[in-house]
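What the coordinates show
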Amino acid sequence: MASLDLTQDVVTLTESLCNIQSVSLNEAALADAIEAELAKLDHLEVVRDGNSLVARTNLRRDERIVLAGHIDTVPLTSEPANLPVKRVNGKLWGRGTTDMKGGVAVQLKLAHDLVAPNRDITFVFYEGEEIEDQYNGLGRIARTRPELLEGAAFAVLLEPTNGGIEGGCKGTLRVHVRTKGLAAHSARPWKGDNAIHKAADILNRLREYEPQTVNVDGLDYHEGLNAVNISGGIAGNVIPDACTVTVNYRFAPDKSADEALAYVTAFFDGFDLECDDLAGGARPGLDRPAAKAFVEALDLPVVAKEGWTDVARFSAVGVPAVNFGPGDPNVAHMDDEWCPEDQIVDALEALTGWLA
């Protein structure tokens, strides 16, 4: 059985976490090791849900906050081998170092060291973030065990942000915009109706689209509406009778998911349209007292999160959230993934200063 030692320094603990493989759907060994260590801490109530864990202090503080992070990683590679972790010149190299076991190590050190924090803390260690939504442990807990997240005024998701603070996140939507035609032999095209040619209007609308920059709670979110795939045709000698353009819309968190879908539906008025992926964004909630206290305590600039992260799940249950964690997101999932050791140390010191 894999084991951890929460008395290790946070960088060594990160290395230990990474060396327990936890590719999505295979998180059990790491979840077992985390549970075994949390169970030793008398100041925490620990609940396991599948391969996800929630640990809570119950000190009757005036405020409760959530610290959350996923324990799964994308698959390993063999060339170059990205486990076991290597420590070279102040960097940890290996799968999960950035995304996001450095952040998980920070959570675990805080859970171990802060016996009497100045706020009640709910720690969430969850499975299945890197794959389809149905496997996401945080989403499942929010749906089936909402009482485990109740009472939180603010949440911090320790996803990699290069040591900065990223507020909220944009929403994302994917639609398939379809044209219909009439099949015919390509030698006699006048007998048919070319569906791919009809898709030109879809592409022209996208080309003429002017992306908006939307300010939400003082942060600028850059929207985007882009074709990401096009398909049509069945053979080299057949006029195509169908064509599909797949479009992705990244929208600012001032819009709800329904409002974003309504906007895209109106944008492609006259076309058959199907949505197969829709996730709302998250407002950063920087006007909330808990969020203000966090930003003031860390004394770091805050920028908008331009992608989508699980902070949106907190927003959906009324909890404002930010992203803050060690590691450069630009190297996440790469074969040579790495994380600066000092960012892991700095993240722990910053959160300790806020919570101790």
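So, here's what we can say about the structure.

Thresholds, definitions, all that
Residues numbered from 1 in each chain as written. Predicted model: local features only at pLDDT ≥ 70, side-chain atom pairs only at ≥ 80, totals over all residues. Heavy atoms only, no water. Helix = DSSP H or I, 4+ residues; strand = E, 2+ residues; numbered from the N terminus. Contact = heavy atoms within 4.5 Å. Areas by Shrake-Rupley, 256 points an atom, 1.4 Å probe, with all protein chains shown as cover. Lys, Arg positive; Asp, Glu negative; His and termini not counted. Charge placed at Lys NZ, Arg CZ, Asp CG, Glu CD. Buried < 20%, exposed > 50% of the residue type's maximum accessible area, 1.4 Å probe, protein only. Polar contact = N/O pair within 3.5 Å; in protein donor to acceptor, adjacent residues only side chain to side chain. Pairing = 2+ DSSP bridges. Axes fitted to C-alpha atoms, helices over the stretch in contact; angles between N-to-C directions. Salt bridge = Lys/Arg side-chain N within 4 Å of Asp/Glu carboxyl O. Core = buried A, V, L, I, M, F, W, Y, C linked by side-chain atoms within 4.5 Å. Phe/Tyr/Trp six-rings, centres within 6.5 Å; stacked < 30°, edge-to-face > 60°. Lys NZ or Arg CZ within 6 Å of the ring centre and 35° of its normal.

What about the overall build of the protein chain?
On a plain count of helices and strands, the protein chain comes out with 10 helices and 19 strands. Structurally, the protein chain occupies a C-alpha span of about 80 × 45 × 40 Å along its principal axes. The contacts of the protein chain with a sequence gap of at least 6 include a subset with a gap of at least 24, amounting to 77%. Total accessible area on the protein chain is roughly 15,500 Å²; 49% of this is exposed by carbon and sulfur atoms. Distance between charge centres in the protein chain, computed from 32 positive and 55 negative side chains, equals 4 Å.

Topic: helix α1 (residues 10-18)
Within α1, 8 of the 9 residues are buried, leaving the element largely enclosed by the surrounding structure. Along α1, the residues that are buried comprise Val10, Val11, Thr12, Leu13, Thr14, Glu15, Leu17 and Cys18. The opening residue of α1, the one whose side-chain oxygen lies 3.1 Å from the backbone nitrogen of Val11, is Asp9.

Observations regarding the sheet that holds strand β16 (residues 272-279)
Ordered by their spatial adjacency, 4 strands build an open sheet running β13-β15-β9-β16, and the pairing between neighbours is antiparallel. Only two strands of the sheet have a single partner each, and these edge strands are β13 (224-232) and β16. Taken pair by pair, the neighbouring strands of this sheet meet at an average axis angle of 20°, ignoring direction. Where strand β9 (residues 171-180) and β16 come together, 7 bridges link them in antiparallel fashion. Its bridge partner lying in β16, Arg174 is registered against Asp277. Against the sheet, helix α6 (residues 200-208) contacts β9, β13 and β15 (242-251), and its axis sits at roughly 160° relative to β13.

So, the sheet that holds strand β3 (residues 64-70)
The mixed open sheet is built from 8 strands, whose spatial order is β1-β2-β6-β3-β7-β18-β8-β17. With partners counted over all chains shown, the strands left at the sheet margins are β1 (45-49) and β17 (302-304), one partner each. Each strand axis lies, on average, 25° off the axis of its neighbour in the sheet, ignoring direction. Where helix α3 (residues 97-113) meets the sheet, its contacts fall on β3 and β6 (120-126), and the angle it forms with β3 comes to roughly 140°.

So, the side chain of Arg56
Here Arg56 is to be found in strand β2 (residues 52-56). There is no salt bridge for the buried Arg56, and the closest opposite charge comes from Glu45, which lies 4.1 Å off by N-O distance. In terms of polar contacts, Arg56 uses its side chain to reach the backbone carbonyl oxygen of Leu148, at 3.0 Å. Excluding anything up to four places from it in sequence, Arg56 contacts His43, Leu44, Glu45, Arg64, Ile121, Thr122, Glu147, Leu148, Leu149 and Glu150.

Overview of the nonpolar core
If you look at soluble globular proteins, the nonpolar side chains tend to sit buried side by side. Grouped together as the largest cluster of nonpolar side chains are 58 residues, with contacts concentrated most on Leu67, Leu108, Phe294 and Trp354. For this core, the leading source of residues is α3, giving 7 residues. Contacts of Leu67, omitting those with residues within four sequence positions, involve Gln107, Leu110, Ile121, Thr122, Phe123, Val124, Val156, Leu158, Trp354 and Leu355. Residues Leu157, Ala282, Val311 and Ala321 belong to the second largest nonpolar core, which totals 20 residues.

What to know about the pairing of β6
Across the 7 residues that make up β6, a large majority, 7, are buried. With burial as the criterion, each face of β6 is covered, one bearing Asp120, Thr122, Val124 and Tyr126 and the other bearing Ile121, Phe123 and Phe125. In terms of strand pairing, β2 meets β6 through 4 bridges, oriented antiparallel. Paired with Arg56 across the two strands is Thr122, which belongs to β6.

What about the packing of aromatic side chains?
One pass over the structure, following the stated rule, counts 10 aromatic pairs. Between Tyr263 and Phe267, the aromatic rings sit 6.2 Å apart at their centres with planes inclined by 35°, giving tilted as the arrangement. With Tyr263 and Phe267 both in helix α7 (residues 257-267) and 4 residues apart, this pair spans about one turn of that helix. Using a relative accessible area of 19% as the deciding quantity, one classes Phe267 as buried. Seen from their ring centres, Phe267 and Phe268 are 5.0 Å apart, and the 80° between their planes marks the pair as edge-to-face. Per residue, the accessibility class of Phe267 equals that of Phe268, and both read buried. Taken together, the aromatic side chains of Tyr209, Tyr249, Phe251, Tyr263, Phe267 and Phe268 make up a single cluster linked through ring pairs. The ring of Trp338 carries Lys91 above its face, with NZ or CZ at 4.1 Å from the centroid.

Observations concerning unusual backbone geometry
Look at the link from Leu83 to Pro84: it is a cis peptide, with omega at 0°. By secondary structure assignment, the location of Pro84 is in the loop between β3 and β4 (86-88). The backbone of Leu25 sits at a positive phi, close to 80°, despite the residue not being glycine. Unlike most non-glycine residues, Asp217 shows phi in positive territory, near 55°. Residue position: Asp217 is located in the loop between β11 (213-216) and β12 (219-222).

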